[in-house]
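An overview of the molecular structure
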Amino acid sequence: MLGSKMNTFLMVSEYLNFTKAAENLNMTQPAVSQQIKLLEEEVGVKLFIRNKNGLILTQQGEIVLKYARRQKALYEKMLMSLQNLEKSIGVLRIGITHTSESNITASALAKFSIENDGSRIILTTDTIKNLYDKLENYELDLAIVDGAENNPKFSSMLLDTDYLMCVMSPDNHLSRSSSVTISELKKEKMILRLAESATRKLFEETLVANNESINSFDVILEVDNIATIKDLVRMDLGVSILPRSACIDEIRKGKITALPIENFSMARETRIVYNRDFNHKEVLDEIMRIYSRAAR
């Protein structure tokens, strides 16, 4: 069981305010302060300091927070495993990237729950870095990410091989071509993912490999949300570079045209990543089966 001092520490870390933490814990503010003082004495470091904006975690506090989160997640995972003994699968906590949220992954996971009676999926969307952190802390059972790193802490299996393509409105003059050249692309208004996204990084790396630079393109807008980019592309307000899987429904319905860029190869893997002690490999096989069926 998570101790009261650690539980109080987690709440104070979330709100960075003793009063708000006390309200959520149904405790008095002095009692919360006392719990934090006792924890600081126990671990021998200062966990919080005050600045003009309120409380902030110390460097030592950040370390304690990392392990406190892991301790809480492991405790909850233990309770969940006990509850799932009588069920075939139970609850699965799965993290996906923003790209996966916009493709067939989310619908495949929904079909998995439907076809496996008694199962429930808690789906979290976040950056790859945050998903790896949550996976390491056992806050997630699985993460579905693009271009998974070769991290010895985790195991992974290939879910799909995807390709970045130039997407545009069917009304765009380039949509009648079989491919797009770099010269043609430089003349278009471009709406791209943010610079830190995996999609954007792969595009820019491919440009550099072909002696090109993103600075040569007319990027009018950078957007984090893929659904927003697709909406803008459908309105013919610009073209974009997106994974084909993120646009497959719109492509099938004729709402978006996706074309390869001539002499560019922008393939990337989508992988299911999990901790090495994950013991439900049959779940991975079933997700693979349903995803493959949906992708056809």
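Now for a description of the structure that goes with this document. What you see is a predicted model, and the numbers here were worked out from it, not measured in a lab.

This part takes up the overall build of the protein chain. Helices and strands together make up the secondary structure of the protein chain, namely twelve helices and eleven strands. By principal-axis analysis of the C-alpha atoms, the protein chain measures approximately 70 × 50 × 35 Å. Out of the 296 residues belonging to the protein chain, those deemed buried represent 47%. Taking the intrachain contacts of the protein chain between residues at least 6 apart in sequence as the baseline, contacts between residues at least 24 apart amount to 73%. For the protein chain, the accessible area works out to roughly 15,500 Å², and carbon and sulfur atoms hold 49% of it. Across the protein chain, the mean location of the 38 positive side-chain charges is 2 Å away from that of the 40 negative side-chain charges.

The geometry of an aromatic ring pair is captured by the separation of the ring centres together with the interplanar angle, meaning the angle of the planes. Applying the stated criterion across every chain yields a total of five aromatic pairs. Geometrically, the ring pair formed by Phe-18 and Phe-48 is edge-to-face, given 6.5 Å between the ring centres and 70 degrees between the ring planes. Of this pair, Phe-18 sits in helix α2 (residues 18-25) while Phe-48 is found in strand β1 (residues 48-51), placing the two residues 30 residues apart along the sequence. Considered together, Phe-18 and Phe-48 belong to a single accessibility category, that of buried residues. On the basis of an interplanar angle of 65 degrees and a centroid distance of 6.1 Å, the ring pair of Phe-203 and Phe-217 is categorised as edge-to-face. You can see Phe-203 sitting in helix α9 (residues 198-209) and its partner Phe-217 sitting in the loop between α9 and β8 (218-222), a full 14 residues away along the chain. Comparing Phe-203 with Phe-217 shows no difference in burial state: the two are buried. Through successive ring pairs, a cluster of aromatic residues spans Phe-9, Phe-18 and Phe-48.

Rules of the game
Residues numbered from 1 in each chain as written. Predicted model: local features only at pLDDT ≥ 70, side-chain atom pairs only at ≥ 80, totals over all residues. Heavy atoms only, no water. Helix = DSSP H or I, 4+ residues; strand = E, 2+ residues; numbered from the N terminus. Buried < 20%, exposed > 50% of the residue type's maximum accessible area, 1.4 Å probe, protein only. Contact = heavy atoms within 4.5 Å. Areas by Shrake-Rupley, 256 points an atom, 1.4 Å probe, with all protein chains shown as cover. Lys, Arg positive; Asp, Glu negative; His and termini not counted. Charge placed at Lys NZ, Arg CZ, Asp CG, Glu CD. Phe/Tyr/Trp six-rings, centres within 6.5 Å; stacked < 30°, edge-to-face > 60°.

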